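Single-letter residue listing:
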Amino acid sequence: MTARTMFEKIWDNHVIHEEAGKPSLLYIDLHLVHEVTSPQAFEGLRLAGRRVRRPELTFATMDHNVPTADRFNVKDPISRQQMETLTANCEEFGITLADLNSPDQGIVHVIGPELGLTHPGKTIVCGDSHTSTHGAFGALAFGIGTSEVEHVLATQCLQQSKPKTMEVRVNGDLPFGVSAKDLILAIIAKYGTDFATGYVVEYTGAAIRSLTMEERMTVCNMTIEGGARAGLIAPDQTTFDYLKGKRYVPQGEDFLAAVEAWKELCTDKGAVFDACVEIDAAEIAPQVTWGTSPGMGTNITSTVPSPESFETAAQRKAAQDALAYMDLAPGTPMSEIKIDRVFIGSCTNGRIEDLRKAAEVAKGRKVSPSVHAMVVPGSQAVKQLAEQEGLHLIFQEAGFDWRESGCSMCLAMNPDILSEGERCASTSNRNFEGRQGRGGRTHLVSPEMAAAAAIAGHFVDVREWKSENASKEVFQ
Amino acid sequence: MNPFVIHTGVVAPLDRVNVDTDAIIPKQFLKRIERSGFGQFLFYEWRFTVDGEPIDSFILNTPAYKESTVLLARNNFGCGSSREHAPWALLDYGFRCVIAPSFADIFYNNCFKNGILPIKLSEEQVDELFNRAQNKPNYQLTIDLQEQVVRDNDGLSYPFEVDSYRRYCLLNGLDDIGITLQYEDKIAAYEASR
Ligand code: SF4
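Residues numbered from 1 in each chain as written. Chains lettered and ligands numbered in written order. Predicted model: local features only at pLDDT ≥ 70, side-chain atom pairs only at ≥ 80, totals over all residues. Heavy atoms only, no water.

1. What to know about the packing of helix H2 (residues 39–48) of chain A against helix H3 (residues 77–93) of chain A
Residues and elements named next belong to chain A. Spelled out, the test is: Only the stretch in contact is used when fitting a helix axis, every axis being a line fitted to C-alpha atoms; angles between N-to-C directions are given from 0 to 180 degrees. Under the scheme used here, helices are H or I runs from DSSP no shorter than 4 residues and strands are E runs no shorter than 2 residues, and both carry numbers assigned from the N terminus. Angles below 35 degrees are treated as roughly parallel, those above 145 as roughly antiparallel, those between 65 and 115 as roughly perpendicular, and all remaining angles as oblique. It is the rotation of the near helix from the far one that decides the hand of a crossing: anticlockwise by less than a right angle makes it left-handed, clockwise makes it right-handed. Working rule for contacts: check all heavy atoms of both residues, and any pair within 4.5 Å makes them a contact.
Interhelical geometry of H2 versus H3 gives an angle of 40° and a closest axis separation of 10 Å. Classified by the interaxial angle, the pair formed by H2 and H3 is oblique. You can see that H2 and H3 cross each other, and the crossing is left-handed. Counted together, Pro39, Phe42, Leu45 and Arg46 of H2 and Gln82, Thr85, Leu86, Asn89, Glu92 and Phe93 of H3 form the full contact between these two elements.

2. Remarks on the domain arrangement of chain A
All names here are of chain A. Cut-off, in case you're wondering: Start and end positions for the domains come from either an automated domain assignment or a database one. Accessible surface is computed with a 1.4 Å probe, and the buried area is the amount of it that two parts give up when combined, taken over both parts together.
We note that the domain assignment places domain 1 (6–276) and domain 2 (286–473) within chain A. One C-alpha centre belongs to domain 1, the other to domain 2; they are set 25 Å apart. Between domain 1 and domain 2, the residue contacts involve 43 residues of the former and 47 residues of the latter. When domain 1 packs against domain 2, close to 3500 Å² is buried across both sides, 58% of that on carbon and sulfur atoms.

3. With respect to the packing of aromatic side chains
Convention followed: Here is the rule: rings of Phe, Tyr and Trp (six-membered ring for Trp) pair when centre to centre is within 6.5 Å. Planes less than 30 degrees apart are stacked, more than 60 are edge-to-face, and the remainder are tilted. A simple rule labels every residue: compare its accessible area, found with a 1.4 Å probe on the protein chains alone, to the largest value its type can have, and call it buried under 20%, exposed over 50%, or partly exposed in between. The rule for a charge over a ring is simple: NZ of Lys or CZ of Arg within 6 Å of the ring centre, and within 35 degrees of the ring normal.
Per the stated rule, a full pass over the model turns up 26 aromatic pairs over all chains. Seen from their ring centres, A:Phe240 and A:Trp262 are 6.1 Å apart, and the 20° between their planes marks the pair as stacked. Linking A:Phe240 in helix H9 (residues 237–243) with A:Trp262 in helix H10 (residues 253–263), this pair joins segments that are 22 residues apart in sequence. We note that A:Phe240, like A:Trp262, is buried. Ring pairs connect the aromatic residues B:Phe77, B:Phe103, B:Phe107, B:Tyr108 and B:Phe112, which therefore count as one cluster. Directly above the aromatic system of A:Phe72 lies the positively charged group of A:Arg71, at a separation of 5.7 Å from the ring centroid.

4. Quick word on the side chain of B:Asn61
Residues and elements named next belong to chain B. Heads up, the condition is: Throughout this description, a polar contact denotes any pair of N or O atoms lying within 3.5 Å of each other; where both atoms belong to protein, one of them has to be capable of donating a hydrogen while the other can accept it, and for residues adjacent in sequence the pair is counted only when both atoms sit in side chains.
Checked against the element boundaries, Asn61 lands in the loop between helix H2 (44–47) and strand E2 (70–72). At a separation of 2.8 Å, a polar atom in the side chain of Asn61 contacts the main-chain carbonyl oxygen of Ile55. Excluding anything up to four places from it in sequence, Asn61 contacts Arg47, Pro54, Ile55, Asp56 and Lys66.

5. Section: the UniProt feature "binding site: [4Fe-4S] cluster" (unreviewed entry) in chain A
All names here are of chain A. Quick reminder of the rule: UniProt positions are given in the numbering used here, feature names are shortened, and annotations may be inferred rather than shown by experiment. Space inside and on the surface of the protein is sampled on a 1 Å grid over the protein atoms alone, with a cavity defined as a set of points where a 1.4 Å probe fits but cannot get out and a pocket as an open set with protein on both sides within 12 Å along at least 5 of 7 lines; lining residues have an atom within 4 Å of a point.
Under the UniProt annotation, "binding site: [4Fe-4S] cluster" (unreviewed entry) lies at Cys347, Cys407 and Cys410. Spanning 64 residues, the named residues form one tight spatial group whose C-alpha atoms are at most 8.6 Å apart. The annotated residues contributing to the lining of the largest cavity are Cys347, Cys407 and Cys410. Along the chain, Cys407 falls in the loop between strand E17 (401–402) and strand E18 (423–426). When residues no more than four places from it in sequence are discounted, the contact partners of Cys407 are Asp63, His64, Ile107 and Phe343. Tracing the backbone shows Cys410 in the loop between E17 and E18. On the basis of relative accessibility, which here comes to 7%, the residue Cys410 falls in the buried class.

6. Some words on the pattern of salt bridges
What counts is decided by this rule: Salt-bridge detection follows one rule: a side-chain nitrogen of Lys or Arg within 4 Å of a carboxyl oxygen of Asp or Glu.
By the definition in use, this model includes 39 salt bridges over all chains. When the shortest N-O distance is used, the salt bridge between A:Arg247 and A:Asp104 registers 2.8 Å. Note that A:Arg247 is positioned in the loop between H9 and H10 and A:Asp104 in the loop between strand E5 (96–98) and helix H4 (108–114), a separation of 143 residues in sequence. Residue A:Arg247 is classed as partly exposed on the basis of its relative accessible area, which comes to 48%. Residue classification places A:Asp104 among the buried positions, given a relative accessible area of 16%. Measuring nitrogen to oxygen at the nearest pair gives 2.5 Å for the salt bridge that ties B:Asp176 to B:Lys113. Pair noted here: B:Asp176 is in helix H7 (residues 176–181) and B:Lys113 is in the loop between helix H4 (105–112) and strand E4 (117–120), with a separation of 63 residues, a long-range link.

7. Here's the deal with the interface of chain B and chain A
The partner chain A presents 69 residues to the 55 residues of chain B that form the contact. A combined buried area of about 4800 Å² lies between chain B and chain A, and 51% of that area is made up of carbon and sulfur atoms. Its largest share of buried area at the contact with chain A, chain B owes to B:Lys27, B:Lys31 and B:Ile33, together 16% of the area lost on that side. With its nearest N and O atoms 2.9 Å apart, the salt bridge here joins A:Glu150 to B:Arg35. Our enumeration of links across chain B and chain A arrives at 32 residue pairs in polar contact (both at pLDDT 80 or more).

8. As for the site of the ligand
All names here are of chain A. Here is the rule: We define proximity as follows: a residue is near a molecule or strand when any one of its heavy atoms falls within 4 Å of that partner. Grid points define the cavity or pocket, and a molecule sits in it when more than half of its atoms lie within 2 Å of them. Gly is placed with the polar residues, together with every amino acid not listed as nonpolar (Ala, Val, Leu, Ile, Met, Phe, Trp, Tyr, Cys and Pro) or charged (Asp, Glu, Lys and Arg).
Neighbouring the ligand are the residues His64, Ile107, His109, Asp128, His130, Ser346, Cys347, Cys407, Cys410, Leu411, Asn429 and Arg435. For the ligand, the cavity whose grid points lie within 2 Å of the majority of its atoms is the largest cavity. Tallied by class, the residues present in the shell around the ligand amount to 5 nonpolar, 5 polar and 2 charged. The residues that make up the shell around the ligand include at least three from each of domain 1 (6–276) and domain 2 (286–473).

Here's what the structure looks like:
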């Protein structure tokens, strides 16, 4: 047999029908559904008199519209209607729903892994681009549009043309104080927001292998911001340890058998990728974005770039527009940019490890009086665990607002929204114009960088604080 | 879905790279539960002030481009969120075709599913079209999917590539679900085998 990449193995395992000149018909193992991109799909089913083919392979939650302060009091009537519509649709079509009352509720890409719905080797889709998150487990996971949501509901299949494969090899080790978020932001800043368009990316290399599961999810989550169809990381002991005992994962003997099968998924020696890029983790520093696209980012130790420094006319114009929107002058040190708001959360960085890292920075310090900072756990389970660990007390004592789970200010469909001109340090994944509120200015950073910015009132190099902390502990 | 065979319309040049789907249809308008009615919100934050007044300088508010049905754009058009509301809004507003040097994957795919034809041309060709659309009032293009060519009245003619299967579906207005259900036997056999 010829050597195959992990992507090719998963693809081959799921192709139902292939014909030259047509997209392949791919079987879908898990379909995640949320309230924003599904109503028109269910409406389509009803109009055509169709049913959901495999309700047991479909799992729904509400996350995008959910208020995070007083969660049962949904004031916006249209938000409420969207959530009620999802409830009614799940009832009608027999789909399990983690609604606001459920301890399983949370951001769809946080709860999938948490419940063990996400397994290596599965095909996973959701009407949401950050479905790429699940690729951290070695699942082929990608975002689809609402027509495709309807298609998967009706047929449990998807028509897909086969993407190309790209290896992104990250050599070496991430330096002290540099996170997975910095890694993916640095990759996108270096290669651009469309470097992987048309590709499925597999991350390899020593730096990737030493990431925790949650860190791998952060990397795969933002893979879509590099244009990729999906991101993949080969499952290993870290993956198996994470999955063991999760609710929807096979148990006992079955688990051991599953692990053996999962081990087979790795890219064979000698398999060829259509493209490869390589980077050295040691070169990466904490990142802050300065513009209105996730690729417009730089090191915390650097300055806001001048539009003239870019190669093409289109890039120069984009940088100019971005700086005008962001109200930043070229040459400003990143560490002198003052902020008004801080958002720690989202499917990129709303997991327990993210909150622990932010809490470590916040501990014993106070949020700057000019900053409003909030922490929004990615799910109810994350919230519970954080509260068991007392993280909420650390945040509250430091002056952070401790919230309920949901997408929140990642895209500001709920009441958590930036006002015109407000500047936010955000752990989410998109800094597009208006994403967090019309006229709002978003800087993407890691959770520890966001927490430090909340306290200082401007961006700081968190590595300096961390070493301070470390030496404090040594001397105590 | 409406078939797309040949279309002639005024070209609106939108001179920005990386136009994301948040810009095409801001999230505050995603809450509808219907497929229609999104056109009024297309490019909302570029088209209207906070008070809902039209922003005169935005291309679609310029009288010459008001009736346009062909959108001319720059690199990486449609990046960001997978929301299908973006093509719904474009279609509802009246656009049947988007021309750009490159598109984000999901958006590109979503266009075909809604009867919009996304066309990739080279950067030079797109530059030339920008030139013409910005300088000639009421500049029109004819997009012929049968022939796979973009033409204007001054002799310009650019052939374009499109996946043959997508072209077939668009020419015939075929619905994907109907096509897939023809493979019911194979789907059932696959399910039985696992
Ligand atoms: S947290 Fe943000 S990116 Fe993630 S699913 Fe919610 S809105 Fe989308």
